[in-house]
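So you can see what is in the structure, the chains are spelled out below.
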Amino acid sequence: MPQQSVGADTYTVTFDGGDLPVARTFGVVNPATRRVFAEGPAVSSEQLDRIMSRADQAYHEWRIDETARIAALENAAQVIESNTDYLAGIVTAEQGMPFHDAQAEVGRAVEWPRYYAQLDVPREVVQDDHTGYQEGFRRPLGVIAAITP
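Definitions and limits used
Starting afresh in each chain, residues are numbered from 1 along the sequence in its written order. Residues qualify for local features only when their pLDDT is at least 70, as the model is predicted, and side-chain atom pairs are given and counted only at 80 or more; totals for whole chains, interfaces and linings, by contrast, use all residues. Note: side-chain values were computed over all heavy atoms of the structure, leaving out hydrogens and water. Secondary structure follows DSSP: runs of H or I at least 4 residues long count as helices, runs of E at least 2 residues long count as strands, and numbering of each begins at the N terminus. Each radius of gyration is computed over the set of C-alpha atoms, and the globule rule expresses the reference value as 2.2 Å times the number of residues to the power 0.38. Using a 1.4 Å probe on the protein chains alone, a residue whose accessible area is under 20% of its type maximum counts as buried, one over 50% counts as exposed, and one in between counts as partly exposed. Contacts are assigned to residue pairs that have any heavy atoms within 4.5 Å of one another. The accessible surface values rely on the Shrake-Rupley method and a 1.4 Å probe; as for residues, cover is taken only from the protein chains in view. Only four residue types enter the charge count: Lys and Arg as positive, Asp and Glu as negative, with His and the chain ends excluded. Here the site of a charge means atom NZ of a Lys, CZ of an Arg, CG of an Asp or CD of a Glu. For a helix, the expected span equals 1.5 Å multiplied by the residue count minus one. Regarding the arc, it is the one traced by the directions from the helix axis to the C-beta atoms. The predictor reports its confidence for every residue as pLDDT, a score running from 0 up to 100. N or O atoms within 3.5 Å of each other form a polar contact, as long as, within protein, one can give a hydrogen and the other can take it, and as long as residues adjacent in sequence are counted only when both atoms are side-chain atoms. Strand pairing is defined by DSSP finding a minimum of two bridges between the two strands. For helices, the axis comes from a line fit to the C-alpha atoms of the stretch in contact; other axes are also lines fit to C-alpha atoms, and the angle between any two N-to-C directions lies between 0 and 180 degrees. Each angle receives one of four descriptions, namely roughly parallel if under 35 degrees, roughly antiparallel if over 145, roughly perpendicular if within 65 to 115, and oblique otherwise. Only Asp, Glu, Lys and Arg are considered charged in this grouping, and only Ala, Val, Leu, Ile, Met, Phe, Trp, Tyr, Cys and Pro are considered nonpolar; every other residue, Gly among them, is considered polar. One speaks of a salt bridge when a side-chain nitrogen belonging to Lys or Arg is within 4 Å of a carboxyl oxygen belonging to Asp or Glu.

Comments concerning the overall build of the protein chain
Right, on to step 1. Scanning the protein chain from N- to C-terminus turns up 4 helices and 7 strands.
Right, on to step 2. Taken from the N to the C terminus, the helices and strands of the protein chain come in the order β-β-β-β-β-α-α-α-α-β-β.
Right, on to step 3. In terms of overall size, the protein chain is more extended than a compact globule, its C-alpha atoms giving a radius of gyration of 20 Å where 149 residues would be expected to give roughly 15 Å.
Right, on to step 4. Put simply, the protein chain has 149 residues, and 19% of those count as buried.
Right, on to step 5. Within the protein chain, contacts between residues separated by at least 24 positions form 41% of all contacts whose residues are at least 6 apart in sequence.
Right, on to step 6. Surface accessibility of the protein chain: about 11,000 Å² in total, with carbon and sulfur atoms responsible for 54%.
Right, on to step 7. Separation between the mean location of the 12 positive side-chain charges and that of the 22 negative ones in the protein chain comes to 4 Å.

Structural data, given as structure tokens:
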């Protein structure tokens, strides 16, 4: 979430466990009032490259340490869940959604990291006959940058 430094006009994004200042912001519009209610951070192309590079490093670390990956996903779910009302307020302002519905949406957001933390994707035997044996398994391929609702 964007955070504004106390007593300054500097906005930051969370990056690698700390704050990364951004030079520009954009207005976040409440569709119910059509008024800007907050400023969002706009990272530069160079910052996005840096963020993606670090995310790719973390991805490779998590691929190796399944226990750490599961713990991080469980922690993410807990942080979201413990901030349900705060996040629902943002969703309401950002989308014009009724607060109760926004709480339900945040609740659904909690379900996804928990689901993927516990997901067991077994290997699939593709071929097992007199000519050979082939086995396939699904695994993440890397990180992405996306703009999502």
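Now that the structure has been shown, we can carry on.
Structural notes on helix 2 (residues 66-82)
Right, on to step 1. The terminal C-alpha atoms of helix 2, which comprises 17 residues, lie 24 Å apart, in line with the 24 Å expected from a rise of 1.5 Å per residue.
Right, on to step 2. Considered for burial, the residues of helix 2 that qualify are Arg69, Leu73 and Ala77. Buried positions in helix 2, seen along its axis, are confined to an arc of 70° and lie on one side of it. Facing away from the buried side of helix 2 by more than 90 degrees, the exposed set consists of Thr67 and Ser82.
Right, on to step 3. The inward-facing, buried residues of helix 2 contact helix 1 (45-64) and helix 4 (99-118).

Details of the confidence of the model for the protein chain
Right, on to step 1. Residues with a pLDDT of 70 or more make up 93% of the protein chain, whose mean pLDDT is 87.
Right, on to step 2. Per-element confidence in the protein chain is highest for helix 4, whose mean pLDDT is 95, and lowest for strand 1 (residues 3-4), whose mean pLDDT is 48.

With respect to the side chain of Asn30
Right, on to step 1. By the secondary structure assignment, Asn30 is in strand 4 (residues 24-30).
Right, on to step 2. On the basis of relative accessibility, which here comes to 13%, the residue Asn30 falls in the buried class.
Right, on to step 3. Only 3.3 Å separates the side chain of Asn30 from the backbone oxygen of Ala93, close enough to count as a polar contact.
Right, on to step 4. The contacts of Asn30, once residues within four sequence positions are left out, are Arg35, Phe37, Ala93 and Gly96.

Some thoughts on the pairing of strand 3 (residues 18-22)
Right, on to step 1. In this sheet, strand 3 lies alongside strand 2 (residues 11-15) in antiparallel orientation, the contact comprising 5 bridges. Its bridge partner being in strand 3, Tyr11 is matched across the sheet by Val22.
Right, on to step 2. Between strand 2 and strand 3, which pair antiparallel and follow one another directly, the connecting turn spans 2 residues, one of which, Asp16, has a positive phi of 55°.

Side note on the packing of helix 2 against helix 4
Right, on to step 1. The geometry of helix 2 relative to helix 4 is characterised by a closest axis approach of 8 Å and an angle of 170° between their N-to-C directions. It follows that helix 2 is roughly antiparallel to helix 4 by the angle criterion. On the side of helix 2, the interface is formed by Arg69, Ile70, Leu73, Glu74, Ala77, Gln78, Ile80 and Glu81, while helix 4 contributes Val106, Ala109, Val110, Pro113, Arg114, Tyr116, Ala117 and Gln118.
Right, on to step 2. Along the lines of polarity and charge, the residues of the contact of helix 2 with helix 4 split into 10 nonpolar, 2 polar and 4 charged.

Topic: the pattern of salt bridges
Right, on to step 1. One pass over the full model with this rule turns up 6 salt bridges.
Right, on to step 2. Here Glu61 and Arg54 are joined by a salt bridge, their closest N and O atoms 3.7 Å apart.
Right, on to step 3. Given a relative accessible area of 45%, Glu61 falls into the partly exposed group.
Right, on to step 4. Since its relative accessible area comes to 22%, Arg54 is described here as partly exposed.
Right, on to step 5. Its salt-bridge partner being Arg123, residue Glu135 comes within 3.4 Å of it at the nearest N-O pair. You can see Glu135 sitting in strand 7 (residues 132-136) and its partner Arg123 sitting in the loop between helix 4 and strand 6 (124-129), a full 12 residues away along the chain.
Right, on to step 6. Three or more residues are tied together by salt bridges with common partners; here these are Asp16, Arg54 and Glu61.

A few points about the environment of Gly107
Right, on to step 1. Mapped onto the elements, Gly107 comes out in helix 4.
Right, on to step 2. Taking the C-alpha atoms as reference points, Gly107 and Ile80, 27 residues apart in sequence, are found 8.3 Å from one another.

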